[in-house]
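# Structural features, examined
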Amino acid sequence: MDKIGPKIHDSWKEVLKDEFQKPYFSDLKKFLVDQRAINTIYPPGNMIFNAFDKTPFTEVKVVILGQDPYHGPGQAHGLCFSVPKGITPPPSLMNIFKEIKQDIGSDIPSNGNLERWAEQGVLLLNATLTVMANQPLSHQNRGWETFTDRVIELLSLQKKGLVFLLWGRNAKAKEPLIDDSKHFILKAAHPSPFSAYSGFFGCKHFSKTNELLEQQSITPIDW
């Protein structure tokens, strides 16, 4: 991935070093280089691994699984559900903020940048880490899912007591990758406007997550 200059924390480089050497990952790199030559790809190259740069492997406490980066200009910056400051929070993110307010009483933030979560140990991981502009799901089945499934497996294998938040059908499909004898899995509907009223609103995942962390004497998340 060197040609597009991604940043990734050294702790993840060590954990994922074998993955980066596998043939599927070489194919994925070639695909991205070729695509970037002819199409607009989001997020920018240096932010593809932003989740792995902002949240070191050693610091992960919570994992939130998304599906696909945002595909509009300026939206995607390598953290699922998050947008940079100055970009209007998309509907799913606004519903997340509404549930946090209902759950723990926090005011809805003035922007949709979730870096402050990432810096507290919340890994904001999309299943697919790149997308073509205005073409949702356009980089599915190119190798990213193999990579991110392995990330989930390695977290499950090498850590304990993580809280995995699985919102919606696609995220719930990742449950078999997680050892529920040593980790916690919270499931709900997706925060999308199409499904938020079918079980995301009222899930109380944010207070429940903090309770699970505090039970392990781990600092809770300031949502």
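Source: prediction; values computed, not measured.

### Looking at the packing of helix α5 (residues 91-104) against helix α9 (residues 205-215)
Relative orientation of the contacting elements α5 and α9 amounts to 65°, with a least axis distance of 8 Å. Where α5 approaches α9, its residues Ile96, Glu99, Ile100, Asp103 and Ile104 are matched on the opposing element by His205, Phe206 and Ser207. Across the contact of α5 with α9, the residue classes tally to four nonpolar, two polar and two charged.

### Description of unusual backbone geometry
A cis amide bond, omega -5°, links Tyr42 with the succeeding residue Pro43. A positive phi angle, close to 60°, is found at Asn141, a residue other than glycine. Summarising the element assignment, Asn141 is placed in the loop between β4 (131-132) and α7 (144-158). Relative accessible area serves as the criterion here: at 68%, Asn141 is assigned to the exposed category. The backbone phi angle of Ser217 is positive, close to 60°, even though this residue is not glycine.

### Concerning α5
Taking 1.5 Å of rise per residue, the 14 residues of α5 would be expected to cover 20 Å, and the 20 Å separating its terminal C-alpha atoms lies within 8% of that figure. Of all the residues in α5, the buried ones are Ser92, Leu93, Asn95, Ile96, Phe97, Glu99, Ile100 and Asp103. For α5, the elements touching its buried residues are α6 (115-118), β5 (163-167) and α9.

### Here's the deal with the environment of Leu79
With respect to the secondary-structure elements, Leu79 resides in the loop between β2 (62-66) and α5. On a C-alpha basis, the gap between Leu79 and Leu124 in space is 5.0 Å, while along the polypeptide they are 45 residues apart. Apart from residues no more than four positions distant in its own chain, Leu79 is found in contact with Asn50, Ala51, Leu114, Glu115, Ala118 and Leu124.

### A look at the state of the cysteines
The tally for this structure, following the rule as stated, stands at zero disulfides. The thiol sulfur of Cys80 is not disulfide-bonded, and the nearest other cysteine sulfur, from Cys203, lies at 14 Å. Note on Cys80: relative accessible area 1%, which makes it buried. For Cys203, a relative accessible area of 7% gives the class buried.

### Topic: the layout of surface pockets
In this structure, the largest pocket occupies an estimated 800 Å³ of space. Forming the walls of the largest pocket are 42 residues, and the residues nearest its centre are Gln67, Asp68, Phe81, Ser92 and His190. Every element with two or more residues in the lining of the largest pocket is listed here: α4 (50-54), β2, α5, β3 (122-126) and α8 (169-172). Each residue belonging to the lining of the largest pocket can be placed in one class, and the counts come to 24 nonpolar, 15 polar and three charged.

Scoring rules and cut-offs
Residues numbered from 1 in each chain as written. Predicted model: local features only at pLDDT ≥ 70, side-chain atom pairs only at ≥ 80, totals over all residues. Heavy atoms only, no water. Axes fitted to C-alpha atoms, helices over the stretch in contact; angles between N-to-C directions. Helix = DSSP H or I, 4+ residues; strand = E, 2+ residues; numbered from the N terminus. Contact = heavy atoms within 4.5 Å. Nonpolar A, V, L, I, M, F, W, Y, C, P; charged D, E, K, R; others polar. Buried < 20%, exposed > 50% of the residue type's maximum accessible area, 1.4 Å probe, protein only. Expected span 1.5 Å × (residues − 1). Disulfide = S-S within 2.5 Å. 1 Å grid on protein atoms, 1.4 Å probe; cavity = no way out; pocket = protein on both sides within 12 Å on 5 of 7 lines; lining within 4 Å. Points joined across faces, edges and corners; volume = space filled by probe spheres on them.

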